[in-house]
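If you want the building blocks of each chain, they are given just below.
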Amino acid sequence: MKRSVVLFSLLLLVITIGGVIPRVQAQFGNSPEAVAAREKQLALEKTVPQLKITEEHLTLVAPGHTLGETEGVSKNSKGHLFVYSRTGTGGSARGGTAAELFEFDQNLKFVKLWGPDNYGASFAHSVRVDKYDNVWMVDEGSGMIVKFDPNANVKMTLGRKPEAIDYLERFTERGEKDTERYPVGNMGTFNRETDIAWDANDNAFVSDGYGNSRVVKISKDGVWVKAVGTHGNGQDQFSTPHGIAVDKDAGLVYVADRANLRIQVYDTDLNYKKTITGVAMPWTVQVTPKYIYSGDGTGKIYQLDKTGKLLGWVQTGLGMGQTGCIIHELYAESDNVLYRGSCSEWDIEKITIKSSAD
């Protein structure tokens, strides 16, 4: 074999490894425990097939605006697409707007901006649409969830945005230090909440979040009913609950317990039922009539049956210059059609599963 061919082969190997290793390292980290978890996950993936899919990067143009980090994505009953994006006229988490909620019709034509310059739009995290076509804006930065009716009128606000002046007075003027990294959380306020879902009786369930480490149940009229969770890795403990979904037929709540590499499952009274593993680091979870889908930041999507058994997986979002935060939120339109929001690739991708693993 010629020397040039050998060198070329080695170069290809380096490039390939250079693409894979950063993704898996970013996914788990480099500690001995993380390395073991990574190896276990990769071994599991070898035992199930890869899904066959098509990926379509959607062309979304909002006149006068730039589609930034597409943190949240959902659709309503008319097929209109909603995107909650980290973009806007300001960048202060407790000041000017740094998040915008866009609507596009079924032909991907821009319709309007929802709640422009509103007080709760600070640092986008999720958008979800309920069965009545109400649109719920989940904002991590403001600690607020805003409910819009189908005509974009504000109908409910959950949580309360910390006042900028209070923050400046406490930490700048008085020089206090915020040493409570993982507080237990109060009823009525969130701490960097991440996602929302509903059961058959219209109770809302919120994953809360980066500061708090819990799940909150809120009745349809906005009454805070129950909260479960503290920071940790035991039962009823969470480390960045980053996504949530409800199987309305089964009455089960699925919580993407991201840093603990698992999905914790509850009934709608927030009683613990079981834990699902083998989904790497779940950033988001969705439930369809047939499947459970979980996605992590490296762009991998995992398909499971309703018992939590891994059926297959697929890598998405490559070729756009990014290795992390490729998947931030998934929206499941059906058993075989998913939409992916991404904080690193600034786009919405439609993923059609051509053949399921089962």
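Note that the coordinates shown come from a computational prediction; the quantities given were computed from them, not determined experimentally.

What counts, and at which threshold
- Residues numbered from 1 in each chain as written.
- Predicted model: local features only at pLDDT ≥ 70, side-chain atom pairs only at ≥ 80, totals over all residues.
- Heavy atoms only, no water.
- Helix = DSSP H or I, 4+ residues; strand = E, 2+ residues; numbered from the N terminus.
- Buried < 20%, exposed > 50% of the residue type's maximum accessible area, 1.4 Å probe, protein only.
- Contact = heavy atoms within 4.5 Å.
- Core = buried A, V, L, I, M, F, W, Y, C linked by side-chain atoms within 4.5 Å.
- Pairing = 2+ DSSP bridges.
- Axes fitted to C-alpha atoms, helices over the stretch in contact; angles between N-to-C directions.
- Salt bridge = Lys/Arg side-chain N within 4 Å of Asp/Glu carboxyl O.

**Considering the overall build of the protein chain**
Helix and strand content of the protein chain: 3 helices and 26 strands. Taken across its 358 residues, the protein chain has 53% of its residues classed as buried. Expressed as a percentage of contacts within the protein chain between residues at least 6 apart in sequence, the contacts between residues at least 24 apart total 49%.

**Quick look at the nonpolar core**
Core analysis: the biggest nonpolar cluster contains 17 residues, and Tyr254, Ile263, Ile276, Val285, Tyr302 and Leu304 have the highest contact counts within it. Secondary-structure elements contributing two or more residues to this core are strand 17 (252-257), strand 18 (262-267), strand 20 (284-287), strand 22 (300-304) and strand 23 (310-315). Broken down by element, the residue count for this core peaks at 3 residues, all from strand 17.

**Some details on the environment of glutamate 71**
Relative to the helices and strands, glutamate 71 resides in strand 2 (residues 69-75). Judged by its relative accessible area of 0%, glutamate 71 falls in the buried class. Taking the C-alpha atoms as reference, glutamate 71 lies 9.1 Å from serine 344; in sequence the two are 273 residues apart. Not counting chain neighbours up to four residues away, the residues in contact with glutamate 71 comprise Tyr84, Arg86, Ala124, His125, His328, Glu329, Ser342 and Cys343.

**So, the sheet that holds strand 5 (residues 110-114)**
Pairing is antiparallel across the open sheet formed by 4 strands, whose spatial order is 2-3-4-5. With one partner strand each, in any of the chains shown, strand 2 and strand 5 form the two edges of the open sheet. Pairwise comparison of adjacent strand axes, ignoring direction, gives a mean angle of 25° for this sheet. As paired strands, strand 2 and strand 3 (residues 81-86) are joined by 6 bridges and run antiparallel to one another. Of the residues in strand 3, the one forming a bridge with glycine 72 is tyrosine 84.

**Some thoughts on the side chain of serine 239**
Checked against the element boundaries, serine 239 lands in the loop between strand 15 (237-238) and strand 16 (241-247). Residues contacting serine 239, with those up to four places away along its chain left out, are His231, Gly232, Asp257, Arg258, Ala259 and Asn260.

**Focus: the pattern of salt bridges**
As enumerated under the stated definition, the model contains 16 salt bridges in all. Between glutamate 333 and lysine 75 there is a salt bridge, with its nearest N and O atoms 2.7 Å apart. Taken together, the residues glutamate 333 in the loop between strand 24 (329-332) and strand 25 (337-341) and lysine 75 in strand 2 connect sequence positions 258 residues apart. On the basis of relative accessible area, glutamate 333 is assigned to the partly exposed category, the value being 36%.

**Description of the sheet that holds strand 13 (residues 224-228)**
Strand order in the open sheet formed by 4 strands is 10-11-12-13, and the pairing between neighbours is antiparallel. Only two strands of the sheet have a single partner each, and these edge strands are strand 10 (193-198) and strand 13. Each strand of the sheet is rotated relative to its neighbour by a mean of 20°, with strand direction disregarded.

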